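In case you want the letters, here they are:
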Amino acid sequence: MDTENAFAELGLAPDATEREVKAAWRRLASQWHPDRNDSDGAVAKMQRINQAFEEIRRAGFGAQANADVDTAGAPDNNTPDGFGADQATAAASHAADTQRQRRTLHRKVRMTLEEAAVGCIKVLRGKVTDICATCAGAGHQVLGGNCARCGGSGAIPKRSFFGWPAGVAECEACLGGGIARQPCAACGGAGKMAPRGYKINVRIPHGVRDGDLLHVDGRRVRAEGPPADVEIRVEVSEHAFFKLDDDGTIRCEMPVDGFAWIANRQVKVPTVTGFHGLQLSRDQLSYRLKGQGFPVQRRGTRGDHLVTLVPIFPQQLSTDQQILLDQLLATSSGAGGEALDERLHTWNQGMRAWERSL
Ligand SMILES: [Zn+2]
Ligand SMILES: [Zn+2]
């Protein structure tokens, strides 16, 4: 029976949808099921109805294939996701037309700002589930011949409480097809194989940003387990004391011993690549370390590292510190309390003149 005749057998136009095909089959099965129709031609008619249904399903239900949930699970146009992962962050898609399943794993990878700045290697572990190659994910194999449960009709009469016929239900053994099938031995009827673990080493290049998408060709990574491309969404954690600007500048506010600052000492400043020595200058609070910030482009230069000092002085001075400060103050003022620095001296003179003018 060709497809056109199959549609005709069900009383349908050749462009009927899957839904219409199934509805027609149910209606005809209900009418012609040998349990309910004892006319001579009922069995033959029921078989033709089933053949027609099988033929249309084999041809793929036209453009409407898979448009709604299939009772038959037609193996040749069913492309289940076929992937189960032990992590919510992972998912996969199949290229249905390739013999060897090339899948893409979607993973989020979290890293520190320092790792993002210099690049890193991340080990991804998880599990993937292959669809069963033997049954192409359908979970069963078609044996041919009539289904033993329903005698090939594909329908089981339903009975009401009182034994009255109450329509027909699809046969569970053949899912309504009327053709004998058996659960797939390779997958035990599940349609998919046992999950397989994978372990992939992925090199994250330097300069990636939060939200970046990286596509890693599965043929270029060191992996254990089934081959897969990996699409990685980069997540860069908030940093405790670095702030990253769009232009690659990294800002850091850094408390520093106020006396060390006054004394023009050298201090250690943290950057994304480690500590850098910084010569303090007591008239300066902000410092720019050129090229010590975040990479601007993959292979390009790095932005600057900006550090802003917050000089910290003790809230409580020890006696020794108080004596030393008094001595220090004496050196910055003359014997009569006169400021020795020109800027302060000028200010003080101006104040005296202002006071007299009041
Ligand atoms: Zn199988
Ligand atoms: Zn059956």
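The coordinates are above.
All of the points below concern the structure found in this document. (Residues numbered from 1 in each chain as written. Chains lettered and ligands numbered in written order. Predicted model: local features only at pLDDT ≥ 70, side-chain atom pairs only at ≥ 80, totals over all residues. Heavy atoms only, no water.)

1. Details of the overall build of the protein
Step number 1: Across its full length, the protein carries seven helices and 17 strands.
Step number 2: Each of the 358 residues in the protein was classed as buried or not, and the buried ones make up 36%.
Step number 3: Of the contacts made within the protein by residues no fewer than 6 positions apart, 59% connect residues no fewer than 24 positions apart.
Step number 4: A total accessible area of about 21400 Å² is found for the protein, and carbon and sulfur atoms account for 52% of it. (Helix = DSSP H or I, 4+ residues; strand = E, 2+ residues; numbered from the N terminus. Buried < 20%, exposed > 50% of the residue type's maximum accessible area, 1.4 Å probe, protein only. Contact = heavy atoms within 4.5 Å. Areas by Shrake-Rupley, 256 points an atom, 1.4 Å probe, with all protein chains shown as cover.)

2. Observations concerning the coordination of the zinc ion (ligand 2)
Ideal geometry at a metal gives 109.5 degrees between four tetrahedral donors and either 90 or 180 degrees between six octahedral ones.
Step number 1: Distances from the zinc ion (ligand 2) to its protein donors, C147 (SG), C150 (SG), C171 (SG) and C174 (SG), fall within 2.2 to 2.3 Å.
Step number 2: Mapped onto the sequence, the donors of the zinc ion (ligand 2) take the spacing C-x2-C-x20-C-x2-C. You can see C147 sitting in the loop between β4 (140-146) and β5 (155-159) and its partner C171 sitting in the loop between β6 (165-170) and β7 (179-183), a full 24 residues away along the chain.
Step number 3: Take C147: its relative accessible area is 5%, and that puts it in the buried class. (Donors = N, O, S within 2.8 Å, 3.2 Å for Na, K, Ca; no water.)

3. Thoughts on the sheet that holds strand β17 (residues 305-312)
Step number 1: Read across the sheet, four strands follow the order β12-β13-β17-β16 without closing on themselves; strand pairing throughout is mixed. Edge positions in the sheet fall to β12 (243-244) and β16 (286-289), since each has one partner strand and no second.
Step number 2: Bridging between β12 and strand β13 (residues 250-257) involves two bridges; their strand directions are antiparallel. In the strand pairing of β13, K243 is matched with R251. (Pairing = 2+ DSSP bridges.)

4. Description of the environment of G11
Step number 1: With respect to the helices and strands, G11 occurs in the loop between α1 (3-9) and α2 (18-32).
Step number 2: Note on G11: relative accessible area 61%, which makes it exposed.
Step number 3: On a C-alpha basis, the gap between G11 and W25 in space is 9.5 Å, while along the polypeptide they are 14 residues apart.

5. Let's talk about α2
Step number 1: End to end, α2 covers 21 Å across 15 residues, agreeing with the expected 21 Å (1.5 Å per residue, within 8%).
Step number 2: Looking only at α2, the buried set comprises E18, V21, K22, A24, W25, L28 and A29. Projected down its long axis, α2 shows its buried positions confined to an angular sector of 160°, all on one face. Across α2 from its buried face, at more than 90 degrees, point the exposed residues R19 and R27. (Expected span 1.5 Å × (residues − 1). Arc of directions from axis to C-beta.)

6. A closer look at the sheet that holds strand β10 (residues 222-224)
Remark on secondary structure: sheet strands pair via backbone hydrogen bonds, oriented parallel or antiparallel.
Step number 1: Spatial ordering of the open sheet is given by β3-β8-β10, a layout of three strands whose pairing is antiparallel. Taken across any chain shown, the strands that pair with only one partner, and hence form the sheet edges, are β3 (120-128) and β10. Sheet twist, expressed as the mean angle between neighbouring strand axes with direction ignored, is 15°.
Step number 2: Two elements, strand β8 (residues 196-204) and β10, share three bridges in a ladder whose sense is antiparallel. The partner of N201 across the bridge, within β10, is R222. (Axes fitted to C-alpha atoms, helices over the stretch in contact; angles between N-to-C directions.)

Treat this as a map of the structure, not an account of what it does.
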